[in-house]
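If you want the building blocks of each chain, they are given just below.
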Amino acid sequence: MSSPAGGPVFADRVLNDWLSSVGLGIEYSRAEANTLYYVDEDGQEVPVLDHVCGFGSLIFGHNNPDIVAHAKTVLDRQVPVYVQLSHQSHANDIAAVLHAILRREIPGGDGDYAAIFANSGAEAVEICVKHAELERRARIAKLTEEIARNAEEARGAVGAGRATVAENPYVQFDRASGESDKLEQLLAEAGRRNAELTARGPVHLALENAFHGKLVASVQLTQNPHWRLPFTSLASSTRFLRANRPDEMKAAVEELRTSLLDALVDDGVVTVVERDFPLVGAFFVEPVQGANGMRPLTEAAAREIRAVCDAVGCPLIVDEIHSGMGRTGAFLASSHMGLRGDYYTLAKSIGGGIAKNAVALFHRDRFRPEFEVMHSSTFAKDGFSASIALKVLEMLEADDGRAYRIAAERGDRLKGALTAVAADFPDVVDAVHGIGLMLAVEFKDQTRASSEPLREKAASGMLGYFIAGLILREHHIRVLPVGPAGNSVRFEPSIYLTDADIARTENALRDVCTILRDQEGDRLTP
Ligand SMILES: Cc1ncc(COP(=O)(O)O)c(C/N=C/c2cc(O)cc(-c3ccccn3)n2)c1O
C-alpha cells in the first residue's frame, strides 16, 4: 500500500504512523462518486468503495461532475470571491432557500430564520454559543434593571415611612437598626449575591456522547474526554444528559436552578423574592448522534428536550451538521422525530464536496440583529463557496426532493443488508443503528475474547480501526469506527451507492463477522 514518500516529516507524523499500525496507512490519488483510488506497488490504480465519504460530507459523492462543472463555470466567470462588507446577495439567496426548506420540514414550522455563515461546523456551533449568550445577557439585563427599579421603590417607601423591612433568611439585622439601615443592609447583601451570579458564565446542556466540534467552546459540548478534558478551563461547562431519561433531565435542570434576589414592597412590607436566573445558556442536540454510533433520538426524547428548553427559556440548538443535508432521507433529520429547534446548524455536504461552508440559522423571534455585525470570518460566505452551496441546495430540492427519496431508499437497502448480517451473527453483532445513509454496525465487546490478539485490540479501544483496516486490505472498502463508540463502524456513503456496492459491503461484513466468531484475531493485524 502506498504511504507518504520518504524524507523528513513535518506534518501528521504521529497520525500517519498510527494509521499504518492499524492498516489504514493509504494515500488516495483520485476520487469520484463513491470511489476512491490509490496506486499500489505495481503502479496499478486500485478502486476503493468509500463508506466514510468525508465523515458524511459527500451526499453527492466525491467530485460530483455537476458540482465540479458549476465550480469551473463560476471561476471562469471571475465571480468576486472575497468581497467582505459589500452587498453579497448570494448570502440571502442561500438563506431564502434554507428558510423555505425549514418552513416545510419543521413541525409547526413558522416564522423566518436568519442565517449567519461560517467555514466549518464547529464554527457554526461556536456562533450559536455566542448568540445564545447574547440572548442570555439580554434576559439578565432585563431582570437586573427590574430589580434595580424595585430597590429604588423600596427605598422610597421605607424613606417615606410607608414600609417596613421584614425579617428574611439573607440578612440578620442588628436590633438597633432603623428601617432604612435594615433596607440598605438587605440591598447590599442582595446586590452582592446578584453580582456574583450575573458574573457567572452559562452552563450548557448536551446529550451524553455528544459531538459538537473541537474548537474552544464547541469542544466543551463534545463529551469524549480525550478531546474535551484538557480544555475544560477555557470555556463554559456542559451538563451531559441521557436522552431517554426525562426524570434525570428535570432533576438536572432543578439542580441548576438559581435565583436573583429582588426586594419588593407589598402592602407596606419589604420582602425578598427569588427571581429565576437564566444560568442555562442553551441545549445542544444532534437528532442523530453520529459519534455515538449513529443513534437517532426517539420522539419521546425530542418532546422532553423541547419541554425542558421551554421551561428553562433557553434556545434548543439542533445540530444538523452531520445528520442534515438530506443524509437521512429528509433535509433535516430532526423532521423524522418532530424535534423543533430555535437555532439550527448545517455544514458538511453544503460544501458540495469541494468547498467549505457552514451556516447557523436563528428563528426570527430569538435572533438579535446586532449579531450580524458581531461575528465574522474572512472566508465565510465567500462568493465561490456560496455558489457551491446554492448548487447543492438546488440539486437536493430538484424534482420535488428526489435526492431525499434516493437517500431514504438506498439507506433502507443498505440497512437491510447490514441487518441481515447482524441476524446471521447475533453472537458478534450487537445492533445496526441509524436512518437513511447515516448508519453504523455495533459489534459486541471483545475484551474477553478467547483470542489474545483480538482481546488486546479490543482492550486498546481500537477494534473498530483494526476491523476497518482488514476491510480495506482484503475488500478494498473504506469504513471507519464512529467516534468514541470504538466497537461501531460507520456507513455514510453518497446517494450513488449501487446494489453491487451493497452486495460487496454485505460480503465484507460477513467476512469480518466470521473472523470475530472464529476468534481469528491475527487476521486483524495488518
Ligand atoms: C454533529 C456535529 N457537530 C459539529 C461538527 C464539527 O464540524 P467540523 O468538523 O466541520 O468542524 C461535526 C463534524 N463531525 C466530525 C466528526 C464526526 C464523527 O462522528 C467522528 C469524527 C472524528 C474525527 C476524527 C477522528 C475520529 N472521529 N469527526 C458534527 O458531526
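Just so we're clear, the structure is a prediction, and the values are computed from it rather than from any experiment.

Further remarks concern the packing of aromatic side chains. Here the structure, examined in full by the defined rule, presents 8 aromatic pairs. Ring geometry for Tyr 28 against Tyr 38: centres 6.4 Å apart, planes inclined by 70°, an arrangement best described as edge-to-face. Of the two residues, Tyr 28 sits in the loop between helix 1 (13-21) and strand 1 (30-32) while Tyr 38 sits in strand 2 (residues 35-39), which places them 10 residues apart along the sequence. Residue classification places Tyr 28 among the partly exposed positions, given a relative accessible area of 24%. Aromatic pair Phe 362 and Phe 371: ring centres 6.2 Å apart, planes at 65°, arrangement edge-to-face. Taken together through their ring pairs, the aromatic side chains of Tyr 343, Phe 362, Phe 367 and Phe 371 make up a single cluster. Sitting above the plane of the Tyr 37 ring, Arg 30 keeps its charged end 3.9 Å from the centroid.

A word on the sheet that holds strand 13 (residues 316-319). With mixed pairing, 7 strands are arranged side by side in an open sheet as 4-15-14-13-10-6-7. Two strands close off the open sheet at either side, each with one partner strand: strand 4 (113-118) and strand 7 (238-241). Pairs of neighbouring strands in the sheet enclose a mean axial angle of 20°, with direction left out of account. Two elements, strand 6 (residues 203-207) and strand 10 (residues 280-285), share 4 bridges in a ladder whose sense is parallel. If you follow Val 203 over to strand 10, its bridge partner there is Val 280.

Here we take up the pattern of salt bridges. If you walk through the whole model with that rule in mind, you get 40 salt bridges. Here Glu 133 makes a salt bridge to Arg 136, at a shortest N to O gap of 2.8 Å. With Glu 133 and Arg 136 both in helix 5 (residues 121-159) and 3 residues apart, the pair spans about one turn of that helix. A residue is classified by how much of its surface remains accessible, and Arg 136, at 2% relative accessible area, is buried. For Arg 368, the salt bridge goes to Glu 370, with nearest N and O atoms at 3.1 Å. Residue classification places Arg 368 among the partly exposed residues on the basis of a relative accessible area of 28%. Residue Glu 370 is classed as partly exposed on the basis of its relative accessible area of 33%. Because the salt bridges share partners, they merge into one network encompassing Glu 135, Arg 306, Asp 310, Asp 342 and Arg 366.

With respect to the helices and strands, Asp 262 occurs in strand 8 (residues 259-266). Among the polar contacts made by the side chain of Asp 262, one reaches the side chain of Asn 150 at a distance of 2.9 Å. Contacts of Asp 262, omitting those with residues within four sequence positions, involve Ile 147, Asn 150, Thr 271, Val 272, Val 273 and Arg 275.

Reading the values: rules and limits
- Residues numbered from 1 in each chain as written.
- Predicted model: local features only at pLDDT ≥ 70, side-chain atom pairs only at ≥ 80, totals over all residues.
- Heavy atoms only, no water.
- Phe/Tyr/Trp six-rings, centres within 6.5 Å; stacked < 30°, edge-to-face > 60°.
- Helix = DSSP H or I, 4+ residues; strand = E, 2+ residues; numbered from the N terminus.
- Buried < 20%, exposed > 50% of the residue type's maximum accessible area, 1.4 Å probe, protein only.
- Lys NZ or Arg CZ within 6 Å of the ring centre and 35° of its normal.
- Pairing = 2+ DSSP bridges.
- Axes fitted to C-alpha atoms, helices over the stretch in contact; angles between N-to-C directions.
- Salt bridge = Lys/Arg side-chain N within 4 Å of Asp/Glu carboxyl O.
- Polar contact = N/O pair within 3.5 Å; in protein donor to acceptor, adjacent residues only side chain to side chain.
- Contact = heavy atoms within 4.5 Å.

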